[in-house]
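Residue-level structure breakdown
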Amino acid sequence: MLKINNLSATVDDGQKTILKDLSLEIPAGEVHAIMGPNGAGKSTLSYVLTGRDGYEASDGSIEFEGEDLLDMDPEERAAKGLFLSFQYPLEIPGVPTMTFLKTALNAQRKARGEEEMKAPEFLKKAKALAAELKMKPEMLKRPLNVGFSGGEKKRMEIFQMMMLEPRFIVMDETDSGLDVDAMRIVADGVNKLRSKDRGMLVITHYQRLLDYIVPDKVHVLAGGKIADSGDAEFAKKLEAEGYDAYAA
Ligand code: ADP
Ligand code: MG
Ligand code: MG
């Protein structure tokens, strides 16, 4: 589903090469985790995937469902179903959450040449999902994330993810300092979203998150590339032994 081939990436107007010759393949239906030392380039990888300004692929290729991802602008990537979770959730004063989400969903559907979702169907879907996630219905009427608690923001993030029908999810939780409650919310949401048609890349600093989201594969990002890979147990070994063995 996602195939990264010998990717190099730069920041700072090409001055600084962060990723070098990185290759990684994530099939549909699998959840892969990336761990690694601070500053290794984990967030850089997530930004290159979603096409954030300032993070340039200088070599290699990325295929998403057989198409050239690097050729698409960020909106096209979103329309194809690539979703990056927000490490620092966006607050949008003045726009009710539901209005924002319906606009985003229908923009994606339009880009895919699909019919727009009408208000009644959208409301029905949103209400069912809010109940499933144990969200107060009142939250959906408030402006997006404004005045939400940390836990409410996490729940909202999962809610948005589920409403937007992503095909592939990239989560970068590295520096967000999740407490146990927030971690549970994220993990429950991710586990609900696991499906044979969907792939996920979970970037984390905390092995503990992987006790709740048990990944199919765990990779170490060090020295600009995938330096090692293993199964879920491998994450525990990494936590215990650190990354010195992978020092560049
Ligand atoms: P990680 O997420 O693994 O901690 P990052 O991808 O955030 O690592 O950062 C990798 C390296 O790239 C770091 O040395 C960081 O300082 C640098 N870097 C990231 N973004 C920028 C930027 N916009 N401008 C300059 N340097 C950057
Ligand atoms: Mg960091
Ligand atoms: Mg990071």
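**As for the environment of K3**
Position of K3 among the secondary structure elements: in strand β1 (residues 2-11). Along the chain, K3 and G66 lie 63 residues apart, while their C-alpha atoms are 8.4 Å from each other.

**What to know about the site of ligand 1**
Close contacts around ligand 1 come from 14 residues, with V11, A40, K42, S43 and T44 the closest. Broken down by secondary-structure element, the contributors of at least two residues to the shell around ligand 1 are β2 (16-26) and α1 (42-50). Among the elements that take part in the shell around ligand 1, α1 stands out by supplying three residues, more than any other. Here the shell around ligand 1 is composed, by residue class, of three nonpolar, eight polar and three charged.

**Let's talk about the sheet that holds β1**
Strand order in the open sheet made by the four strands is β2-β1-β4-β5, with antiparallel pairing throughout. Here the strands that pair on one side only, and so sit at the sheet edges, are β2 and β5 (67-68). Summarising the sheet, β1 and β2 pair through seven bridges and their orientation is antiparallel. Note that in β2 the partner of I4 across the bridge is L24.

**What about the sheet that holds strand β12 (residues 225-230)?**
Here we have six strands laid out as an open sheet, ordered β6-β9-β10-β3-β11-β12, and mixed in their pairing. The two strands at the open ends of the sheet, each matched to only one other strand, are β6 (82-84) and β12. The mean angle between the axes of side-by-side strands here comes to 20°, regardless of whether they run parallel or antiparallel. Where β6 meets strand β9 (residues 168-172), three bridges bridge the pair, whose relative direction is parallel. Counterpart to F83 in the pairing with β9 is I169.

**Notes on the environment of T204**
On the secondary structure map, T204 appears in the loop between β10 (199-203) and α7 (209-212). With 162 residues separating them along the chain, T204 and K42 place their C-alpha atoms 8.7 Å apart.

**Some words on the confidence of the model for the chain**
In low-pLDDT segments, the atomic positions of the prediction should not be examined closely. The share of residues in the chain with pLDDT of 70 or more is 96%, and the mean pLDDT across the chain is 89. Averaged pLDDT values over the elements of the chain bottom out at 80 in strand β7 (residues 92-96) and peak at 98 in β1. Across the whole predicted complex the pTM is 0.90, and at the interface the ipTM reaches 0.96.

**Considering the nonpolar core**
Among the nonpolar cores identified, the biggest contains 58 residues, and A33, M35, I169, L201, V202, I213 and A235 are the most heavily contacted of them. Setting aside residues up to four positions removed in sequence, I213 forms contacts with V31, A187, V190, N191 and V202.

Conventions used here
Here the residue numbering is sequential within each chain, running from 1 through the sequence in written order. As they are written, the chains are lettered A onward and the ligands numbered 1 onward, keeping that order. Only residues with pLDDT of 70 or above have their local features reported here, since the model is predicted, and side-chain atom pairs are shown and tallied only from 80 upward, although totals for entire chains, interfaces and linings are computed over all residues. Numbering goes from the N terminus for both helices and strands, where a helix is a DSSP run of H or I of at least four residues and a strand is a run of E of at least two. Proximity of a residue to a molecule or strand is defined by its backbone-placed C-beta atom lying within 6 Å of that partner. Residue classes follow a fixed rule: Ala, Val, Leu, Ile, Met, Phe, Trp, Tyr, Cys and Pro count as nonpolar, while Asp, Glu, Lys and Arg count as charged, and any other residue, Gly among them, counts as polar. Paired strands, as defined in this entry, are two strands with at least two bridges between them according to DSSP. Where helices are involved, their axes are fitted lines through C-alpha atoms of the stretch in contact, as for all axes, and angles between N-to-C directions lie from 0 to 180°. pLDDT: the predictor's confidence for each residue, scored from 0 to 100. A set of buried Ala, Val, Leu, Ile, Met, Phe, Trp, Tyr and Cys residues, joined to one another through C-beta atoms within 7 Å, is what we call a nonpolar core. With C-beta atoms placed from the backbone, a residue is buried if 20 or more other C-beta atoms are within 10 Å of its own, exposed if 12 or fewer are, and partly exposed between those counts. It is the C-beta atoms, placed from the backbone, that decide contacts: two residues are in contact if theirs lie within 7 Å.

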